[in-house]
Amino acid sequence: DGVNGRAAAYKAAASVSTTDWFFAVFAKLEVDHNFPWDWQPDRLQAAKHYIFHAKNPVNGLEYGHQGIIAYNKRMVLENNDPGIDFTLTQAHEVVPVLSGTAHFNQSPWMTWRTAFREVVKLRHFMSTDPSLETEHRLNTWLTVATGDHAEYCLKGAQDAVAFYNEVDGDLEKLKLSFDWAWLRERFNLNTAQ
């Protein structure tokens, strides 16, 4: 409460953590009752963040997007250049364990902004480190949506690709997607028609 910005929120959480790693559970995540809260990082490996899977109820994808993250406290506090994604700019490993279902489709605004932010990142990753997995995720966000506010999920994804093309993939401009006020303006502009 009272912390402005995602990176600042991660650092605030890290600063109050009394352990070397801490679990970040995001507000839209309905945690799976089988999530292994006793899970431990491999302390013999180099420090890294651990990303757990989450299920997307709108397009059916299941990967790290909006899943629980076991953040390394020291790394979070040292991250002064979060790039396009705070977690992925540092050493990380995916733990293919379902952490829950990400209910991001609770309003048109929340659905659009979630799709927009994720697709900006996926489109960026396709230009910097392409993979079949990223291509599949990107194509799914752009073409598959069911349930509440499904049309805003597709619109957010399509608007993200249009924005990426508009700024010709300029990373500094893509980072605008971190800013809620900028996103709200973009949402209002793109959904006014």
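Bear in mind that the values here come from a model prediction, so they are computed numbers and not experimental data.

Details of the overall build of the chain
Consideration 1: Scanning the chain from N- to C-terminus turns up seven helices and six strands.
Consideration 2: Mapped from its N terminus to its C terminus, the chain presents α and β elements in the order α-β-β-β-β-β-α-β-α-α-α-α-α.
Consideration 3: Its C-alpha radius of gyration of 16 Å places the chain within 12% of the 16 Å reference for a compact globule of 193 residues.
Consideration 4: Burial status across the chain gives 46% buried among its 193 residues.
Consideration 5: Total accessible area computed for the chain in this model is approximately 10,000 Å², and 51% of it derives from carbon and sulfur atoms.
Consideration 6: Averaging the locations of the 18 positively and 24 negatively charged side chains of the chain gives two centres separated by 3 Å.

Description of helix H4 (residues 132-143)
Two residues of an α-helix separated by three or four positions point the same way, owing to the 3.6 residues in each turn.
Consideration 1: Its twelve residues give H4 an end-to-end C-alpha distance of 16 Å, which sits within 8% of 16 Å, the value for a rise of 1.5 Å per residue.
Consideration 2: Buried within H4 we find Thr134, Arg137, Leu138, Thr140 and Trp141. Down the axis of H4, the buried side of the element spans an arc of 160 degrees, and every buried residue falls inside it. In this structure, H4 carries Leu132 and Thr143 as exposed residues pointing more than 90 degrees from its buried face.
Consideration 3: Where the residues of H4 are buried, they touch strand S4 (62-63), helix H3 (108-128) and helix H5 (150-166).

Describing the packing of H5 against helix H7 (residues 180-191)
Consideration 1: Put simply, H5 and H7 touch, their axes get as near as 11 Å, and they point 105 degrees apart. When the interaxial angle is binned, H5 and H7 end up roughly perpendicular. Between H5, through Tyr152, Lys155, Asp159, Phe163 and Glu166, and H7, the contact on the second element is made entirely by Trp182, Arg186, Phe187, Asn190 and Thr191.

A word on H7
Consideration 1: A rise of 1.5 Å per residue sets the reference length of H7, with its twelve residues, at 16 Å; its end C-alpha atoms lie 16 Å apart and thus fit the reference within 8%.
Consideration 2: When H7 is considered as a whole, its buried residues turn out to be Trp182, Leu183, Arg186, Phe187 and Asn190. All buried residues of H7 project into a common sector of 135 degrees when viewed along the axis, lining one side. Away from its buried face, by an angle of more than 90 degrees, H7 presents the exposed residues Ala181, Glu185 and Leu189.
Consideration 3: Residues of H7 that are buried in the fold lie against H3 and H5.
Consideration 4: Among the residues of H7, the N-terminal cap falls to Asp179, whose side-chain oxygen and the backbone nitrogen of Ala181 are separated by 3.0 Å.

Rules used in this analysis
Residues numbered from 1 in each chain as written. Predicted model: local features only at pLDDT ≥ 70, side-chain atom pairs only at ≥ 80, totals over all residues. Heavy atoms only, no water. Helix = DSSP H or I, 4+ residues; strand = E, 2+ residues; numbered from the N terminus. Rg over C-alpha atoms; globule rule 2.2 N^0.38 Å. Buried < 20%, exposed > 50% of the residue type's maximum accessible area, 1.4 Å probe, protein only. Areas by Shrake-Rupley, 256 points an atom, 1.4 Å probe, with all protein chains shown as cover. Lys, Arg positive; Asp, Glu negative; His and termini not counted. Charge placed at Lys NZ, Arg CZ, Asp CG, Glu CD. Expected span 1.5 Å × (residues − 1). Arc of directions from axis to C-beta. Contact = heavy atoms within 4.5 Å. Axes fitted to C-alpha atoms, helices over the stretch in contact; angles between N-to-C directions. Parallel < 35°, antiparallel > 145°, perpendicular 65-115°, else oblique. Polar contact = N/O pair within 3.5 Å; in protein donor to acceptor, adjacent residues only side chain to side chain.

Keep in mind that these numbers describe shape and distance, not what the molecule does.
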